[in-house]
Structures are given as structure tokens and as C-alpha cells.
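# Observations on the model geometry
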Amino acid sequence: MGPIRLEPIPPQPIPQSGILCEAEEFSSFGGWVLDSQYELEMGSPYLLAHGNGVPVKDATTTFPVHESGRYNVWVRSKDWVPGHHPGRFTVAINGVFLPTEFGANDKDWSWELGGKVDLTAGTATLALHDLTGFCGRCDAIFLSREDTQPPQPVDEAARNWRRRLRGLPEEPVHVGSFGVCVVGGGVAGAAAALVAARLGEKVALIQDRPYLGGNASVEIGLSPRGVNGPVVKELTTRDPTGDLLARQLLEPIVSLFMEHTVYNTVTAGNAISAVDARDARSGKEIRITAPVFIDCSGKATLGLLSGAETLFGEESKAEYGESLAPEKATNMHHGNTLFFRTRDSESPKQFPEVPWATEVALDFANLGGQLQVPGIENGRGPRVLRPEQHPDPSTPERMTWPLTHFWEYGQSLDPYLNGEKIRDHLLRALYGTFYNVKTMEPGKYANLDFDWVSFTPAQGEYRRYKGDYVLNETDIRAHREFHDSVAQNSGAFCLHYPGHDKYDFRLKTWEWDERDHEPYDIPFRCLYSTNISNLLMAGKHISATHVAGSNTKFMGNGGQHAIATAAAAYLCNKYRTTPRGVYNNHLAQLKSIAFRIAEDNDDEASCKLVKS
């Protein structure tokens, strides 16, 4: 038998004309929130009806109608718990509701025909009406006089179709050449941008969220652990709202591109020449060029887009001789965590039945591990424990504490492809637990209400870069002296082990090994890519094993990496060289600058002194 020949699948027809209303461009979000964190997974930012069981106010907008007639109305949405449909909503056009309830078709992200409307030329109104308060989600509405459905796949053809309907150019618009481009606005990214700018560099910082600080930002709320130092403390001081002062410090001296997702790199040989990013609200695509890039995304974003060598999961015990490593290498990694806060209201608060949530939470009824206020975690929270649920005497004491990171999921899933799935699973676990607490002791917890639930999880572990050196557990324990040490880190090895016997959203156990409490050195060779010549990195994805990375990941530690990479970028431009060139030829100067800034209480004055 000869080889089987597969005929190519012909391209599917798509509508050539129509009106595209992107949810992220609505004139008023009402009570809905913009969720852009999964754009690279599902294709677009969307509006989320995040009401914790209370329907949110309508999102509204207007749109122009150039031709009178009958229009098919397509809505792109998602039924996030098939079979239960907790996130349902309706759509009204000119005040008339379509007959379809969206978010109830048992499908993942897809276009659904919602009905037909007769429109006259002029201006029409559009509203999203939430029915449940449980995370209904809408990406876009498309009105067309054609019978062809919008493109279902998430591919470049679909994106080109959207660009055309939105009147956007096919290619990204070049918005500037910079001396240093930093990707990721967490603590590490903010520190890298601040120090590089104070050293005199023209800096662009691209951040995919509306806030700076990453896991320390007001929308998540952790405090940096590890070595903080003057730079990190300056950036992470909080205002009365809980937000960090980072943006106030950066805006006067750094070009900030907030709510922009990097989706492409332009490479020349083994170097990055430009990055392309997309604005979450307008869809406009920009290009930024620079001679040197610092990746502080925590996801090795620039590396994955440009072909950098990376590490993933757990190394075997034999590979680096690490005592905390498993016998065999695995793809297991730290998962994501969802933070929340409850309160006692002045009057009883009803909470609807949530069978779609309790099938995940089961009988779990412990709301410990709350974020009390931004920067203060591990709140106890209400709990209901039957006698048989009390911990076994052999359970390690730390596993009985109300620790925020016990609410964790996704350790065995690909974090790049399953971010939304991981977040949604944690929401189901949390809502189910809340329901259990209220119903198991209804008298005691009648007034219990949610004060705040983040829809943005604290990110866990993704891919890590491979540098010219891979830091490991033995290096840290032995306080190995590196000739290219450019930063110091501190803190415990913090390893999370999933596999709870019953509740998959809780850790089974947790390693918190404080070693000898002494700081250790970070070599510069861990802070630049081994095969992308002009790429530096700081934060949780530096060149380290899984075990070593369980400590270098601390946000304060990442800030120290960032200072060193900013100094290295400054020297790259000063001497027109690469990070490896700085290592080979200017290491003494790099060490001097990096340690001086890291230790100086007046970072700005220190940077000026360094330049002079």
C-alpha cells in the first residue's frame, strides 16, 4: 500500500463585511472588568462579569450603522463550566434583548449566532446584561448581513480579519528606538527600568497589566521576600489604596506601555532587534527597537518568542546533585494561586447554590489563607470542621497554618496554554468552599460576605532561561564564591508539592528549608541568555534549577537581579557590546556599579555618581 495522501483543508469562508464591536472598547464597562491576561491563549481581551454571585451592572456602548437592514448577531463567549453554565448573560441592541442566553452552549471560546435584528442607518446602542455574577465573559459582538459565521480558529487569518474590521494597520507601528527595553512590570521589571533610567538610558517598559508590581501589585497583593534593599523598598511602598509607588517613580523617566502584551520578536541572527506588543483596549500594535532587552516577565516571554534555550520542571537528583530534587526529572512546577478576602456584613447575605463549584470543593469548608490587606497575607478566615476532618497528628505543623499558597492549582498543566483553566478551577474551589462554610453553619455565618476576590492569579512557575551557568541548590547551600557575583539573594528554599488526597486545589505538603539564614551570591552568567546575544533576564526565570529557583523567585531577590541587569545594559550600550562581552571585558566595572546601587540608600544619587 502506498502512502496515504491527505488533501489540504480548504480555508473556510469568512464574512467580508459587517460591524465588529470589541468588548474591550465598550464606552462603559459598568460592573464588568477587562480581562486581558489570557489573550495569547484564547485570542483577545474580554469583559468578565466578576460579581461573586451578584449580577454586575450592564456594560454599554454605541456603534455606527452605515446601512439599514436585517443583521445576524454573533457573540463570541465561553461556557466556562459546561453542563452547569454559571456565567450566563444576554445582549440588548437598541434596548431589545436577543433571545439567546450566552455562556450556556457547553462550548469553549466560540462564536454563537444569537439572533437577528433590524437596524436603520445611524447610531445603535449595545448592552451586555449579566444574569448570574459568576464570571460571564464576552469577547466581541459581530453584526453582519451575510450568513457566513466569523472565523472560529484563533490564527493570523482571524486576527487580520479583526484588524480590517477595526481599521487597524496590518503591521505594527514603530513607536520608538530605546537604549533599553524591559518586558514585564513586576518588582523586577520596575527595578530594572528605574535603575537603567537613572543611569541615563532611554528606557521602555512593557507591562501587560494595568498596574505595576506583578505579584506585589494591588490586584494580587503579596509582599516581596528575599533581599529587598533600598531600590525594592522604594518601589514597593504602598499608598493608602494599597497600590505601589512604582508608577509614580517611573512615569517621569520611563516610557511606560501599560496593558500591552508582547506577542512577537524580530530577530537578526542570534539577537533581538525589536519586540511587537498589542494594546489591550484598542488592539493597536506597536514595535519597539533597542540594542538590549531585559526580560522580567517571569515567563521567559522574549526567550520563547526568539528561540532562547530554556529549562522546565524538576531536574533529577543526579543531574546537579541536589538533595531536594526528585530521583527522576519531571515536568512538575509550581502552580498559580488565587487570593481573596471575606468580611462580616451588618445584615444577612445570601449566596446561591453552586453545584458547579462544590463538585470541585467537595466538603472543604476552610477559608483560611486569606489576604488580609495588600501586603499582609495568611489571614485565618472562617472555617467549619467536623471531628473527622481535624488534621492527622502526623501532619506537619506548617500544613495546619492558614497559608495563602495552599490555594494552588495547575502544577501538572502547561502554564502557557492553561492559564484561564487554572484560574477558573481555583474560582470554583473558592466559591464552593464559601458556600460550604455558609451552609454548614448558617446561623454563625449568615452575614459572611466576600470583600474581594482577585480574578488575576499570582503566577507560579513557568520556563526558566538557560544562561552560561545554571545555579543549583548545592551552590546556594555551600555559599559558593563566584568571580562574577553581581547580586546577593536570601531566604528559604520554598517548594510546593501538589497531590492532596482529596482536594486538588490544596497542596499536599510544602518544603520551607531556611538553610543557614545567610545570603548567597548570584553570578552574572545566570542573568543573560546562553544563545540570544542581547537578552538579559531578572526574576523567577533566571538560569537556575527548579530547587534553586524556589528561592531566587522571591520578588525581593528578583529586584537584585534587576539592578545587575540594568547596570549590564548600561555597560552594553556604553561599550557597544553584549552581555557576554560585559562578562568577558567589563566585569569589574559591572560588579562595582551593581553592588553600589544595590546597597546605596540614595539610589538616584548613586546612579549619578556612577555615570560621572
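If you're wondering where the values come from, they're calculated on a predicted model, not measured in any experiment.

### Focus: the packing of helix α3 (residues 187–198) against helix α4 (residues 229–236)
Orientation of α3 relative to α4, taken along the N-to-C sense of each, is 110°, at an axis distance of 10 Å. On the basis of the axis angle, α3 is roughly perpendicular to α4. In the crossing of α3 with α4, the sense of the turn from one axis to the other is right-handed. Residue-level inspection shows V187, A190, A191, L194, V195 and R198 of α3 in contact with α4, the latter providing V231, V232, E234, L235 and T236. Classifying every residue of the contact of α3 with α4 gives eight nonpolar, one polar and two charged.

### Comments concerning empty space enclosed by the protein
The tally for this structure, following the rule as stated, stands at three cavities of 30 Å³ or more. Estimates place the volume of the largest cavity at around 130 Å³. Surrounding the largest cavity, 16 residues form its lining, E22, R159, R166, R278 and G283 being those nearest its centre. Breaking the lining of the largest cavity down by element, the ones donating at least two residues are α2 (156–166) and β16 (271–279). Looking at which element gives the most residues to the lining of the largest cavity, the answer is α2, with four residues. Taken together, the residues of the lining of the largest cavity sort by class into three nonpolar, three polar and ten charged. Here the lining of the largest cavity gathers at least three residues from each of two domains, domain 1 (19–166) and domain 2 (174–328 + 461–599). Ranked by the residues each element gives to the lining of the second largest cavity, the list is headed by α2, at four residues. Grouping the constituent residues of the lining of the second largest cavity by class yields six nonpolar, two polar and four charged.

### Comments concerning the pattern of salt bridges
Per the counting criterion, the structure on display carries 39 salt bridges. With a closest N to O distance of 3.0 Å, E251 and R247 form a salt bridge. Since its relative accessible area comes to 34%, R247 is described here as partly exposed. Close ionic contact of R343 with D451 constitutes a salt bridge, the shortest N to O distance being 3.8 Å. In this pair, R343 sits in strand β21 (residues 340–344) while D451 sits in strand β23 (residues 448–453), placing the two residues 108 residues apart along the sequence. The exposure class assigned to D451 is partly exposed, which follows from its relative accessible area of 37%. Within this structure, E22, E24, E25, R76, D139, R162 and R166 form a network of salt bridges that share partners.

### Digging into the side chain of R464
In this structure, R464 sits in strand β24 (residues 464–465). A relative accessible area of 1% places R464 in the buried class. Within the structure, R464 has its side chain in polar contact with the side chain of E315 (distance 2.7 Å). Polar contacts involving the side chain of R464 include one to the main-chain carbonyl oxygen of A544, which spans 2.6 Å.

### Brief notes about the sheet that holds strand β7 (residues 96–97)
Sheet strands pair by backbone hydrogen bonding; their relative direction is either parallel or antiparallel. The four strands lie next to each other as β4-β9-β6-β7, forming an open sheet whose pairing is antiparallel. Because the sheet does not close on itself, it has two edges, and the strands there are β4 (59–65) and β7. Summarising the sheet, strand β6 (residues 89–93) and β7 pair through two bridges and their orientation is antiparallel. Note that in β7 the partner of I93 across the bridge is V96.

### Focus on the side chain of R137
Considering the arrangement of structural elements, one finds R137 in strand β10 (residues 134–144). Using a relative accessible area of 0% as the deciding quantity, one classes R137 as buried. Polar contacts involving the side chain of R137 include one to the side chain of E420, which spans 2.9 Å. At 2.9 Å, the side chain of R137 and the side chain of D424 are in polar contact.

### Examining helix α14 (residues 587–599)
Helix length check: α14 (13 residues) gives 18 Å between terminal C-alpha atoms against 18 Å at 1.5 Å per residue, within 8%. Considered for burial, the residues of α14 that qualify are L587, L590, I593, A594, I597 and A598. The arc that holds the buried residues of α14, viewed along the axis, is 130°, so those residues lie on one side. The exposed set on the far side of α14, more than 90 degrees from its buried face, consists of A588 and E599. In the core, the buried residues of α14 are packed alongside α3, α4, β25 (485–489), α12 (555–575), α13 (579–585) and α15 (603–611).

### Things to note about the pairing of strand β17 (residues 285–289)
With four of five residues buried, β17 is to be regarded as a mostly interior element. With four bridges joining them, strand β11 (residues 173–177) and β17 adopt parallel strand pairing. Within the sheet, the bridge partner assigned to S177 lies in β17 and is T289. As defined by bridge partners, β16 adjoins β17 across five bridges and the pair is classed as antiparallel. Along β17, the bridge assignment pairs A277 with I286.

### Regarding the domain arrangement of the protein chain
Examined at the domain level, the protein chain breaks down into domain 1 (19–166), domain 2 (174–328 + 461–599) and domain 3 (336–381 + 399–453). At the boundary of domain 2 with domain 3, total buried surface from both sides reaches about 2,400 Å², with 61% on carbon and sulfur atoms. Joining domain 2 to domain 3, the criterion identifies two salt bridges. Our count for the domain 2 to domain 3 interface comes out at ten residue pairs in polar contact (both at pLDDT 80 or more).

### Observations concerning unusual backbone geometry
Located in the positive-phi region is E259, a residue other than glycine, with phi close to 55°. Among the structural elements, E259 can be located in the loop between β14 (255–257) and β15 (260–268). Judged by relative accessible area, E259 falls into the buried class, the value being 12%. Not every positive phi belongs to a glycine, and R515 is a case in point at roughly 55°. Along the chain, the position of R515 falls in the loop between β27 (509–513) and β28 (520–523).

### Thoughts on the sheet that holds β15
On the basis of which strands lie adjacent, the open sheet formed by four strands has the order β11-β17-β16-β15 and mixed pairing. Among the strands making up the open sheet, the edge pair consists of β11 and β15. Across the sheet, the mean angle from the axis of one strand to that of its neighbour is 25°, orientation sign disregarded.

What counts and how
- Residues numbered from 1 in each chain as written.
- Predicted model: local features only at pLDDT ≥ 70, side-chain atom pairs only at ≥ 80, totals over all residues.
- Heavy atoms only, no water.
- Axes fitted to C-alpha atoms, helices over the stretch in contact; angles between N-to-C directions.
- Helix = DSSP H or I, 4+ residues; strand = E, 2+ residues; numbered from the N terminus.
- Parallel < 35°, antiparallel > 145°, perpendicular 65-115°, else oblique.
- Left-handed = near helix turned anticlockwise from the far one by under 90°.
- Contact = heavy atoms within 4.5 Å.
- Nonpolar A, V, L, I, M, F, W, Y, C, P; charged D, E, K, R; others polar.
- 1 Å grid on protein atoms, 1.4 Å probe; cavity = no way out; pocket = protein on both sides within 12 Å on 5 of 7 lines; lining within 4 Å.
- Points joined across faces, edges and corners; volume = space filled by probe spheres on them.
- Domains from an automatic or database assignment.
- Salt bridge = Lys/Arg side-chain N within 4 Å of Asp/Glu carboxyl O.
- Buried < 20%, exposed > 50% of the residue type's maximum accessible area, 1.4 Å probe, protein only.
- Polar contact = N/O pair within 3.5 Å; in protein donor to acceptor, adjacent residues only side chain to side chain.
- Pairing = 2+ DSSP bridges.
- Expected span 1.5 Å × (residues − 1).
- Arc of directions from axis to C-beta.
- Buried area = accessible area lost by both parts, 1.4 Å probe.

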